Amino acid sequence: MRKVLEVSLETLAAIGGFVDIGDIVANSETGARFRMSLAWGGVLGVIGIVLYAEMSGRVATLSHRPVFDLVRERLGARVALVNLVASFFINFLTLTAEIAGVAVTLQLASGINYLAWIPLVALMVWFTMWRVKFSVMEKVYGLLGLALIVTVVAVFRLHEFHTIVREATNLHRPSTEDWPTYFYFAIALFGAAMTPYEVFFFSSGAVEEGWTRKDLMVNRANVYIGFPLGGALSLAIMAGAALLLAPRGISVDHLSQAAIPVTFVLGKLGLGILIFGMGIAFFGAALETGLSGGYIVSQFFGWQWEKFVKPVDAPRFHLVILVSVILAAAFGLTTVDPVKVTEYSIVLSAAALPLTYFPILIIANDPEYMGDKTNSKFSNALGFFYLVLLTAIAIATIPLMIITKAGA
Amino acid sequence: MTDVAKRVIDAGLNLLDRQIIDKDGMMSGNVDDLELTVPEEGGPPVITAILAGPGALARRLGARSGAWLESLHVRLHPSEQPGPARIAFGVVKRVADHVEITVSRSDLDVSRFEKWVRKHVIGKIPGARA
């Protein structure tokens, strides 16, 4: 019974922990501009992250080694360094966006400018990583993040479910947009669901919590149930924007505009719950990205990382985290637009992924590490398909960014 | 040692880039490179040491990033011409998922930067020892 409770708690936390600022921005923007015609991009991303998160969790559990350790071992020092630099940079952009995002939600709640909140948010993010136990931290923000279900409630209240499904299943490009822009936003949605930090955090977490074969069930429940339901929250945000913002020609340039659909349907109470949910979700993602930066650098160099040892026993790991948070706060304080930072981070995400996912796929097939838990033929076929897709996206992203002027 | 001697291991795959774990189970760097010595009496070269840390990694990276890391290592190291940090291969206890050694990481030359960060930065923040 305790086990069942634990699994359901973790799975619920996985739903709330899935959404971050990238998902909110990408889904509101595309909903407002493309209605539901790009829903497939998000669905494709969620399937991809489910596939590779499960694989990385299984690999970490059986080999006791997190993803970036394996990246270094299989790709060698030089290629792994290229991956480290790219992943760390994108992760840093995401960290900046999440910290600034929390500050914006505080501005929406208090009326005090978000720039004044950034130092305080950064301090809280750092302090949580410094002091709070991993398992507690992960569950608290995951469960509180469930407040975002308010977006689903709002969509159901509109009673337009058939419109959403019809538009989402009918692949077409709105006549007001051209093909490059259409695909650029598809990449944004895809990248928002598949941000690199997710597998770094997930696999390092599995090692931190000392997962064994018995925990593989928890791994599957989290990923197969938690992630798709988290993805459903993102789709609800897109649907809200498609139904209420698109017809009025409102585009999403600020986080407050992403809150319009819920406010319209559910009033002030709905808005309050949504702002709370967004703040928690961004805060949780700031923790995940902050830790991920420390994880990947430490794992590349072989430094002691893990959160469950005292900070003095993992000083370089904590140094990376501290410096990242300070720099992210400083970057946020330059008045750089949080929404723009988010857009760049998610679009570049997909491009950085092949060098991380390739070693996972290889190790997941190695019986020396995995014993009888190697990939099924189905996972391999799908895994290979995603690797090809990600490589194609990696090549297409920068040219598309230039042609479309970053989706302008 | 016998454990190591009995098994055939591929140095490139089973040793290089692996995590080093000290006698207390702490992570103590990666196997960044290996020191090979040709025995005086002839025969194939044998592994005499694990080379770890930036000094060893720089030579693996090569090119500009390697040269940059090498100069950083030389500049920050107290001795005039520091080579890469060595861990004699005799202290290797087991080669499995990780490379386990029989000494503490605090006795290793590769832990120099870690000690500095502990003493001057992280150790000074309240709560670092809890």
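All of these numbers come straight from a predicted model, not from anything done at the bench.

(A) Geometry of the overall build of chain B. Within chain B, the regular secondary structure consists of five helices and seven strands. Sequence-ordered secondary structure for chain B, helices as α and strands as β, is α-α-β-β-β-β-α-α-β-β-β-α. In chain B, which comprises 130 residues, the share counted as buried stands at 42%. A total accessible area of about 7,300 Å² is found for chain B, and carbon and sulfur atoms account for 58% of it. Averaging the positions of the 18 positive and the 17 negative side-chain charges in chain B gives two centres separated by 7 Å.

(B) The sheet that holds strand β1 (residues 19-21) of chain B, seen in detail. Residue and element names in this part refer to chain B. Pairing within the open sheet is mixed, and its four strands lie in the order β2-β1-β7-β6. Two strands in the sheet have a free side with no partner beyond their single neighbour: β2 (27-30) and β6 (92-95). Mean inter-strand twist for the sheet, computed between neighbouring axes without regard to direction, equals 25°. Relative to strand β7 (residues 99-101), β6 runs antiparallel, the two being bridged by three bridges. The partner of Arg94 across the bridge, within β7, is Glu100.

(C) Inspection of the pattern of salt bridges at higher detail. This structure, assessed with the given rule, holds 21 salt bridges over all chains. The closest approach of N and O atoms between A:Arg74 and A:Asp366, which form a salt bridge, is 3.5 Å. Within this pair, whereas A:Arg74 is found in helix α4 (residues 67-110), its partner A:Asp366 is found in the loop between α16 (354-363) and α17 (367-370), the two being separated by 292 residues in sequence. When its relative accessible area of 27% is taken as the criterion, A:Arg74 is described as partly exposed. With its nearest N and O atoms 4.0 Å apart, the salt bridge here joins A:Asp313 to B:Arg105.

(D) Focus on unusual backbone geometry. Residue and element names in this part refer to chain A. Phi angles above zero are rare outside glycine, and Arg35 is one such case at about 50°. The residue Arg35 is located in the loop between α2 (21-34) and α3 (39-63) in this model. Positive phi is not limited to glycine here, since Lys405 has a value of about 50°. Checked against the element boundaries, Lys405 lands in the segment after α18 (377-403). Exposure remark for Lys405: the relative accessible area of 66% places this residue in the exposed category.

(E) Representation of helix α8 (residues 161-169) of chain A within the structure. All names here are of chain A. Of all the residues in α8, the buried ones are Thr163, Ile164 and Glu167. Seen end-on, α8 carries its buried residues on one side only, within an arc spanning 100°. Across from the buried face of α8, at angles greater than 90 degrees, the exposed residues are His162, Arg166 and Thr169.

(F) Seen up close, the sheet that holds strand β5 (residues 85-88) of chain B. Residues and elements named next belong to chain B. Read across the sheet, three strands follow the order β3-β4-β5 without closing on themselves; strand pairing throughout is antiparallel. With partners counted over all chains shown, the strands left at the sheet margins are β3 (33-37) and β5, one partner each. Between one strand axis and the next, the sheet turns by 35° as a mean value, whatever way the strands run. The pairing of strand β4 (residues 46-52) with β5 spans four bridges and is classified as antiparallel. Across the sheet, Ala49 pairs through a bridge with Ala88, a residue of β5.

What counts and what doesn't
- Residues numbered from 1 in each chain as written.
- Chains lettered and ligands numbered in written order.
- Predicted model: local features only at pLDDT ≥ 70, side-chain atom pairs only at ≥ 80, totals over all residues.
- Heavy atoms only, no water.
- Helix = DSSP H or I, 4+ residues; strand = E, 2+ residues; numbered from the N terminus.
- Buried < 20%, exposed > 50% of the residue type's maximum accessible area, 1.4 Å probe, protein only.
- Areas by Shrake-Rupley, 256 points an atom, 1.4 Å probe, with all protein chains shown as cover.
- Lys, Arg positive; Asp, Glu negative; His and termini not counted.
- Charge placed at Lys NZ, Arg CZ, Asp CG, Glu CD.
- Pairing = 2+ DSSP bridges.
- Axes fitted to C-alpha atoms, helices over the stretch in contact; angles between N-to-C directions.
- Salt bridge = Lys/Arg side-chain N within 4 Å of Asp/Glu carboxyl O.
- Arc of directions from axis to C-beta.

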